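Architecture at a glance
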Amino acid sequence: MTHSPRGAPAAGGAAKLARARIMQTPGTAYHLEVNPVIPRALARLSDLADDLWYSWDRPTRELFARLHPGLWSAVGHSPKAFLKRVDQRRIDAAAKDPVFLYNFHRVLSAHDTYEEMGARDATAVRLGPEDHVAYLCAEFGFHESLPIYSGGLGILAADHCKAASDSNLPLTAVGLLYRQGYFAQTIDADGNQHANYTDSSFDELPIDLVRGDDGRELRVEVVLPGRNVSMRVWRARAGHVTLCLLDTDVAENAEHDRLITYRLYGGDRTTRIEQEIVLGIGGVRALAALGIEPTVWHMNEGHAAFMVLERVRMLTREGAPFATALEAVAASSVFTTHTPVAAGHDQFASDTIAQYFESYCADVGTSMPALLDLGRMPGGHEFNMTALAIRGSRYHNGVSRIHGEVASRTLRDLWPEVPPEENPVDHVTNGVHVRTFLAVEWFDLFDRYLGPEWIQRLRESAEWPDIDRIPDHLFWSVHQHLKSAMLEAVGERLRRQQSRNQVSESHLDRLLRFANPADPSVLTIGFARRFATYKRATLLLDNLDWLRAIVGDPMRPVLFIFAGRAHPADVPGQDLIRELARAAKLPEFEGKILLVEGYDLRLARRLVTGVDVWLNNPIYPLEASGTSGMKAGMNGVINLSIQDGWWGEGYQHGNGWAIKPAIGAPDAERRDRDEARSLYEILQDEVLPRYYDRAPAGYSPEWVRMAKTSMATLLPRFNAGRMVNEYVAKLYAPAAAQGRRFAVDEFAVARTVAEFKRRVHDAWPRVSLRVSSAGPQRIAFGDAFAIEVEADLAGLDPDDIVVELVLERVDARSGQGERRSYPLRPSDGVDAAGRHRYAIELAPELCGHLTYRVRAYPSHRDLAHRHETGLMRWA
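Analysis parameters
- Residues numbered from 1 in each chain as written.
- Predicted model: local features only at pLDDT ≥ 70, side-chain atom pairs only at ≥ 80, totals over all residues.
- Heavy atoms only, no water.
- Helix = DSSP H or I, 4+ residues; strand = E, 2+ residues; numbered from the N terminus.
- Buried < 20%, exposed > 50% of the residue type's maximum accessible area, 1.4 Å probe, protein only.
- Contact = heavy atoms within 4.5 Å.
- Areas by Shrake-Rupley, 256 points an atom, 1.4 Å probe, with all protein chains shown as cover.
- Lys, Arg positive; Asp, Glu negative; His and termini not counted.
- Charge placed at Lys NZ, Arg CZ, Asp CG, Glu CD.
- Phe/Tyr/Trp six-rings, centres within 6.5 Å; stacked < 30°, edge-to-face > 60°.
- pLDDT = per-residue confidence, 0-100.

**Quick word on the overall build of the protein**
Across its full length, the protein holds 28 helices and 28 strands. Considered along the principal axes of its C-alpha atoms, the protein spans approximately 100 × 70 × 50 Å. For the protein, the proportion of its 875 residues judged to be buried stands at 57%. Pairs at least 24 residues apart make up 73% of the contacts formed inside the protein by residues separated by at least 6 positions. Entry remark: accessible area of the protein is about 36,100 Å², with carbon and sulfur atoms responsible for 50%. Of note, the protein has its 101 positive side-chain charges centred 3 Å away from the centre of its 114 negative side-chain charges.

See below:
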């Protein structure tokens with residue numbers, strides 16, 4: 001029996017009625033699937049269907065859609081499922097159709113040219129010829145035809161892989177193959193969300209089962225309490241990148257174990273830890289079984305952190321002591337944290353870890369308390385996967401400038417004596433894959449006016465003035481075309497949704513009177529994302545009287561479109577959906593607030609290319625990055641957002657609107673009220689007047705200017721190519737070099753660093769500093785002052801530490817400071833009490849009221865970061 005792929009009308013419509021008729025017919029029903037025989041002239045359609053390159057190449061997808069638009073929609077835009085079901089007569093006719101064959105060969109030529117791109121680009125050449133990146137993540141959102149993602153993390157992971165492929169970066173991604181991906185959403189007449197899960201048929205996904213030389217399925221195993229669990233390995237191609245997926249649904253496993261990878265983010269804490277063991281430990285073993293030897297290991301979120309433990313186990317089997325193995329593993333590991341929200345950082349009880357890793361400690365030569373300490377936050381009791389990932393890596397980053405600062409503060413206890421702004425947490429701001437999310441209509445217009453090489457020029461500057469070459473009327477025409485297509489898609493979904501909820505045709509016509517594809521002139525504002533409470537989907541409803549005034553002007557109508565899903569266990573998030581549904585039913589908001597069910601990648605692509613304004617109002621600073629606004633901005637949609645996440649870097653005067661966070665508000669209620677007031681003021685004073693200030697040509701020149709500025713400032717900076725380039729420069733290349741250095745001569749450097757850290761941690765409680773000779777309180781610019789310091793090193797060598805003077809000037813009005821540090825020189829010998837002396841003579845380069853302090857911290861030339869140890873002592 002075959003399973004319906006995600007997106008098929010299996011939960012309703014014609015397919016459901018057909019099955020009902022079959023069930024009512026007497027006798028036993030036997031199932032048979034008849035697959036068409038692909039004509040030789042079109043044989044390479046299978047090559048296109050098996051390469052996720054189609055997820056970012058629209059002409060490839062259009063090739064399948066032209067064959068049978070209805071079937072293409074029914075199979076959820078899955079080329080592989082499509083080729084299994086398309087009618088034989090259609091495929092035979094296409095093989096003789098010169099127009100189809102012409103388009104087919106054009107797509108094949110583009111695909112083959114991309115595949116034959118042998119040279120690495122400027123991003124990838126920073127890595128050595130033998131380097132290879134392993135990228136582990138719990139979800140990947142390449143396309144709706146591979147439903148193993150839930151939202152932003154998965155979409156970002158896939159965009160990372162796509163950009164790596166574009167650069168020919170040697171990267172293999174590792175994830176889990178879920179029988180049930182994230183749920184499909186319906187919303188009933190009362191605004192209640194219903195989660196519907198559909199089993200995927202793996203033979204209709206763009207994946208292949210990996211087999212050994214003997215033709216048998218490749219198996220890898222992980223150890224769980226009292227048993228071994230087997231996994232199959234599946235492989236997907238995504239251009240130049242390979243995606244390996246692990247699946248425990250195999251006959252030799254017990255029923256419980258077959259369900260480990262059944263549902264994305266499903267089950268209880270037992271399922272979660274077992275999924276993460278399969279991902280982290282199983283992922284390392286799968287790569288080894290495939291003969292892939294990564295030199296850089298990237299944990300994209302803490303779900304994959306058990307990878308650290310497996311790599312340590314492998315090195316201890318080569319004879320390395322546990323501490324040495326941990327240093328060697330961490331040297332080549334990268335960890336990215338994606339959220340400041342506590343629920344996004346998995347934690348497990350200590351006795352759970354002891355249950356699952358009892359035999360591990362004996363394997364690697366460590367104790368259970370020592371293992372538990374790897375995953376404990378200082379002062380905590382549970383095993384925290386983020387803490388394990390941090391301690392098992394030397395390169396860490398948040399996903400925007402603001403988030404990097406927030407993460408450095410949130411994680412400061414892992415470097416307890418180091419000021420948060422100086423600890424090793426860096427940031428790489430997210431980006432989105434241009435070829436995936438920029439509408440093809442913009443591609444065509446850019447090719448015409450900017451030349452086909454425009455996409456290669458994107459990263460040449462922080463801004464992109466070429467956009468001004470496009471005539472305003474053509475720019476507006478493209479936007480209106482995309483808006484019309486978006487309204488058409490929204491209307492279709494709402495008709496299905498409201499029909500199921502027993503809404504009459506006349507009522508439906510009233511609901512959609514402003515969402516008219518034939519006349520897309522109404523200002524349309526979109527909000528579409530996960531319905532988590534911190535994203536505040538209902539902030540717009542804070543003051544209904546003010547909102548009534550904004551939407552009530554018949555000469556300046558406004559349409560708000562909301563879409564998004566709440567996790568099935570997130571009751572407060574589902575309450576937000578109900579609240580929006582209730583507001584949308586109020587007579588004054590009917591047809592002006594639309595709540596669309598079934599938010600998915602297809603709807604997301606329509607919304608970010610078709611609305612006029614993209615609304616985002618999270619609680620500051622809980623939006624780590626956000627990428628939907630980037631997608632909207634690069635499509636000429638104007639952002640209206642809280643200055644959080646990526647918009648803290650993206651916003652500049654003239655490319656959108658920013659709501660300043662009410663950081664000083666005394667409580668959450670006052671904060672929401674203040675920020676809602678700013679939102680209403682921007683809508684009534686800026687957005688509506690500018691949009692409806694139309695010239696005789698029918699559009700607002702000032703609106704077009706702002707939309708162009710949005711494109712020009714956001715496309716070059718917030719694309720995934722720039723993001724991956726930063727990962728390589730700031731994280732991958734240093735990690736590869738550090739990993740090689742630590743591995744030579746049987747991990748000699750790793751042994752040295754492990755021993756150095758042991759020595760300084762043992763001695764540090766007894767290390768002390770004292771300023772024995774302070775400088776004057778006032779000097780003239782250009783004059784120098786001298787400082788002498790006595791240091792009790794508790795048996796450490798002077799070369800084991802750095803003593804430095806930290807000079808700071810703080811602006812009394814802004815509170816912003818400028819800080820500079822200067823090392824002190826050690827003097828020869830020690831005094832009678834065994835104290836070492838350090839001195840500096842300094843002529844400050846700053847004027848004004850300055851403060852200075854003296855501190856010491858451990859130093860070793862082979863540390864990845866100068867504050868890696870987390871130790872510091874102030875005089």
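Having seen it, we continue.
**Notes on the packing of aromatic side chains**
Here the distance between the centres and the angle between the planes together describe a pair of aromatic rings. Here the structure, examined in full by the defined rule, presents 30 aromatic pairs. Ring geometry for Trp 53 versus Tyr 114: centroids 6.1 Å apart, planes at 40°, classification tilted. Of the two residues, Trp 53 is situated in the loop between helix H2 (45-49) and helix H3 (58-67) and Tyr 114 in helix H7 (residues 98-115); the sequence distance between them amounts to 61 residues. Judged by relative accessible area, which is 14%, Tyr 114 ranks as buried. Centre to centre, the rings of Phe 527 and Phe 531 are 6.3 Å apart; their planes meet at 75°, and the pair counts as edge-to-face. Judged by its relative accessible area of 1%, Phe 531 falls in the buried class. Through a chain of ring-to-ring contacts, the aromatic side chains of Trp 476, Trp 657, Tyr 691, Tyr 692, Tyr 699 and Trp 703 assemble into a single cluster.

**Description of unusual backbone geometry**
Residue Tyr 620 is joined to Pro 621 through a cis peptide bond whose omega torsion reads 0°. Along the polypeptide, Pro 621 turns up in the loop between strand S18 (613-616) and helix H24 (628-634). Positive phi values are uncommon outside glycine, yet Glu 301 reaches one of about 85°. In this fold, Glu 301 is placed in the loop between strand S9 (296-300) and helix H11 (306-317).

**Quick word on the confidence of the model for the protein**
For the protein, the mean per-residue pLDDT works out to 94, and 97% of the residues sit at or above 70. Across residues 1-18, where pLDDT falls below 50, the model places 34 contacts with residues more than four positions away in sequence or in other chains.

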